[in-house]
Amino acid sequence: MSATDVVYGMLTALFAASAVYALRQVVLARSFGRRARVDQLLHTVMASAMSVMPWHRVSEVPPPGQAVFFATVALWFPLTSVLSRRGPRLVGLVRRSPHAVGMVAMAWMPVRHGGVTDARTGDAITGVLTLCLLAYALRSLTRDMPRLRGASGDVGVSIGIGGPCDRFWHGSTAMGTAIMLLMHH
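Predicted, not measured: the structure shown is a model, and the values here were computed from it. (Residues numbered from 1 in each chain as written. Predicted model: local features only at pLDDT ≥ 70, side-chain atom pairs only at ≥ 80, totals over all residues. Heavy atoms only, no water.)

Caption draft 1: Main features of the overall build of the protein chain. Helices and strands together make up the secondary structure of the protein chain, namely 7 helices and 0 strands. From first element to last, N terminus to C terminus, the protein chain shows the α and β order α-α-α-α-α-α-α. Nonlocal contacts in the protein chain, meaning residues at least 24 apart in sequence, comprise 78% of its contacts between residues at least 6 apart. Here the protein chain has roughly 10300 Å² of accessible surface; of this, 68% comes from carbon and sulfur atoms. (Helix = DSSP H or I, 4+ residues; strand = E, 2+ residues; numbered from the N terminus. Contact = heavy atoms within 4.5 Å. Areas by Shrake-Rupley, 256 points an atom, 1.4 Å probe, with all protein chains shown as cover.)

Encoded structure:
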């Protein structure tokens, strides 16, 4: 087994676990409303697609429907924020934009591997998406660390939507997606 296969296996395990977690959240999200359930369902679809993606060769370009689907899905997050009646719209838009960036990255990968853009433009788009995902991953993965370190006894990790577990899985998925963007598989 090569080092590349080990990395592919780790990414597959990460995304498969993330898909299971997101699907679990779909069931738990009933008390949070329709938007939360759709959010988690979209995360389940994305993580499921990402779990098999490392094993595709560059010559096996995914169908254009994947790019269209994820580009459309990317619009869900900002649109539902802008159309929401809950809280300030700009705050909601900022909070939901990392999820949209992840979906844009999913739409971008088959386009990039399909050779639709020139190399410089493709590298620039990939770089911007990767930086955004890495920033979100770092924020999500480190946000609860001081609080968790200072806790005595029961850490009290919430598994609800928006809790530390949710941030861990979103951050881990963002990190994995950034890695996938940089890999030439």
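Caption draft 2: Structural detail: helix α4 (residues 89–113). End to end, α4 covers 35 Å across 25 residues, agreeing with the expected 36 Å (1.5 Å per residue, within 8%). The largest bend along α4 measures about 40° and falls at Arg96, with the proline Pro98 one to four residues further on. Positioned one or two residues after α4, Gly115 has a phi angle of 70°, which is positive. (Expected span 1.5 Å × (residues − 1). Bend = angle between axes of the 7 residues up to and from the residue.)

Caption draft 3: Structural context of the packing of helix α1 (residues 3–28) against helix α7 (residues 164–182). Axis separation between α1 and α7 bottoms out at 10 Å; the angle between their running directions is 145°. With respect to the hand of their crossing, α1 and α7 are arranged in left-handed fashion. For the pair α1 and α7, the contacting residues are Leu11, Leu14, Phe15, Ala17, Ser18, Tyr21 and Gln25 in the first and Cys165, Asp166, Trp169, Ser172, Thr173, Gly176, Thr177, Ile179 and Met180 in the second. In the contact of α1 with α7, the residues fall into 9 nonpolar, 6 polar and 1 charged. (Axes fitted to C-alpha atoms, helices over the stretch in contact; angles between N-to-C directions. Left-handed = near helix turned anticlockwise from the far one by under 90°. Nonpolar A, V, L, I, M, F, W, Y, C, P; charged D, E, K, R; others polar.)

Caption draft 4: Representation of the packing of helix α5 (residues 119–142) against α7 in the model. Direction vectors running N to C along α5 and α7 enclose 155°, while the axes themselves pass 8 Å from each other. One element, α5, and the other, α7, form an angle in the roughly antiparallel class. You can see that α5 and α7 cross each other, and the crossing is left-handed. Residues Thr126, Leu129, Thr130, Leu133, Leu134, Tyr136, Ala137, Ser140 and Leu141 of α5 form the contact with α7, whose own contacting residues are Arg167, Phe168, His170, Gly171, Ser172, Ala174, Met175, Thr177, Ala178, Leu181 and Leu182. (Parallel < 35°, antiparallel > 145°, perpendicular 65-115°, else oblique.)

Caption draft 5: Examining the packing of aromatic side chains more closely. Tallied over the entire structure, the rule returns 4 aromatic pairs. The interplanar angle of 80° and the centroid separation of 5.3 Å between the aromatic rings of Tyr8 and Trp55 together place this pair among those described as edge-to-face. One end of the pair, Tyr8, is in helix α1; the other, Trp55, is in the loop between α2 (34–52) and α3 (64–82), and 47 residues separate them in sequence. With 5.0 Å between their ring centres and 80° between their planes, Phe69 and Phe70 make a pair best called edge-to-face. A residue is classified by how much of its surface remains accessible, and Phe69, at 36% relative accessible area, is partly exposed. What links up through ring pairs into an aromatic cluster is the set Tyr21, Phe168 and Trp169. (Phe/Tyr/Trp six-rings, centres within 6.5 Å; stacked < 30°, edge-to-face > 60°. Buried < 20%, exposed > 50% of the residue type's maximum accessible area, 1.4 Å probe, protein only.)

Caption draft 6: Molecular detail of the side chain of His170. Topologically, His170 is positioned in helix α7. Under the relative-accessibility criterion, His170 is labelled buried at 13%. The residues touching His170, leaving out its near neighbours within four places in the chain, are Gln40, His43, His99 and Tyr136.

Caption draft 7: Molecular detail of the nonpolar core. The biggest cluster of nonpolar side chains holds 28 residues, and the ones touching the most others in it are Met50, Phe77, Met103, Met106, Met109, Met180 and Leu181. Among the elements of the structure, α1, α2, α3, α4, α5 and α7 are those that each provide at least two residues to this core. If you tally residues by element for this core, the top one is α4, at 7 residues. (Core = buried A, V, L, I, M, F, W, Y, C linked by side-chain atoms within 4.5 Å.)

Caption draft 8: Quick look at the pattern of salt bridges. Across all of its chains, the model carries 1 salt bridge by this definition. The closest approach of N and O atoms between Arg96 and Asp39, which form a salt bridge, is 2.7 Å. Here Arg96 is found in helix α4, whereas its partner Asp39 is found in helix α2, with 57 residues between them in sequence. Asp39 matches Arg96 in its accessibility class, with the two residues each being buried. (Salt bridge = Lys/Arg side-chain N within 4 Å of Asp/Glu carboxyl O.)

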